[in-house]
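Letter by letter, the chains look like this.
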Amino acid sequence: HASGRRWAILLAGGEGERLRGLTAERYGAHRPKQYCSFWGDRSMIHWTMHRASGLVDAGRTKVVIGNGHEALFAE
């Protein structure tokens, strides 16, 4: 059974240039879209992590973020 060997790698390194205007208007400053909440109170990356948790154990999930995104990810 492969489920015990499966990993989730979430790619969240983009800078969100295409939605820069929308995110700046909504948050008062630009932020990459993966750290924005467009539905409910969770960010896009939080929803993605939640969905991944149904597929693999949290310890087998890795999130790749962009350089300088640490503070946004920590929120």
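Numbers given for residues are sequential positions, taken from 1 along each chain in its written order. It should be noted that, the model being predicted, local features are given only for residues of pLDDT at least 70 and side-chain atom pairs only at 80 or more, the latter also being counted only at that level, while totals for whole chains, interfaces and linings use all residues. Values shown for side chains rest on all heavy atoms present in the structure; no hydrogens or waters enter the calculation.

1. Regarding the overall build of the protein
Just so we agree on the cut-off: Each helix corresponds to a stretch of at least 4 residues labelled H or I by DSSP, and each strand to a stretch of at least 2 residues labelled E; elements are numbered beginning at the N terminus. Burial classes: relative accessible area under 20% of the type maximum marks a residue as buried, over 50% as exposed, and values in between as partly exposed (1.4 Å probe, protein chains only). In what follows, a contact means two residues having at least one pair of non-hydrogen atoms within 4.5 Å. In this description, accessible areas are obtained by the Shrake-Rupley approach with a 1.4 Å probe, and a residue is regarded as covered only by the protein chains that are shown. The convention is simple: Lys and Arg are positive, Asp and Glu are negative, and His and the chain ends are not counted. The location of each charge is read from NZ of Lys, CZ of Arg, CG of Asp or CD of Glu.
If you tally the helices and strands in the protein, you get 3 helices and 2 strands. Along the chain direction, N to C, the helices and strands of the protein fall in the order β-α-α-β-α. Expressed as lengths along the three principal axes of its C-alpha atoms, the size of the protein is roughly 45 × 25 × 20 Å. With 75 residues in all, the protein has 25% of them scored as buried. Excluding contacts between residues fewer than 6 apart, the proportion of contacts in the protein whose partners are at least 24 apart in sequence is 53%. Put simply, the protein shows about 5400 Å² of open surface, and 55% of that area lies on carbon and sulfur atoms. Of note, the protein has its 11 positive side-chain charges centred 10 Å away from the centre of its 7 negative side-chain charges.

2. A closer look at the pattern of salt bridges
Rules: Here a salt bridge means any side-chain nitrogen of Lys or Arg lying within 4 Å of a carboxyl oxygen belonging to Asp or Glu.
Summed over all chains, the structure comprises 2 salt bridges. With a shortest N-O distance of 3.0 Å, E17 and R20 are connected by a salt bridge. The exposure class assigned to E17 is partly exposed, which follows from its relative accessible area of 49%. Here R31 ties to E75 by a salt bridge, and the two come within 3.4 Å at their closest N and O atoms. Taken together, the residues span a long stretch of sequence, with R31 in the loop between α1 (20-27) and α2 (44-53) and E75 in the segment after α3 (70-74) at a distance of 44 residues. Since its relative accessible area comes to 13%, R31 is described here as buried. Here E75 falls in the exposed class, since its relative accessible area comes to 68%.

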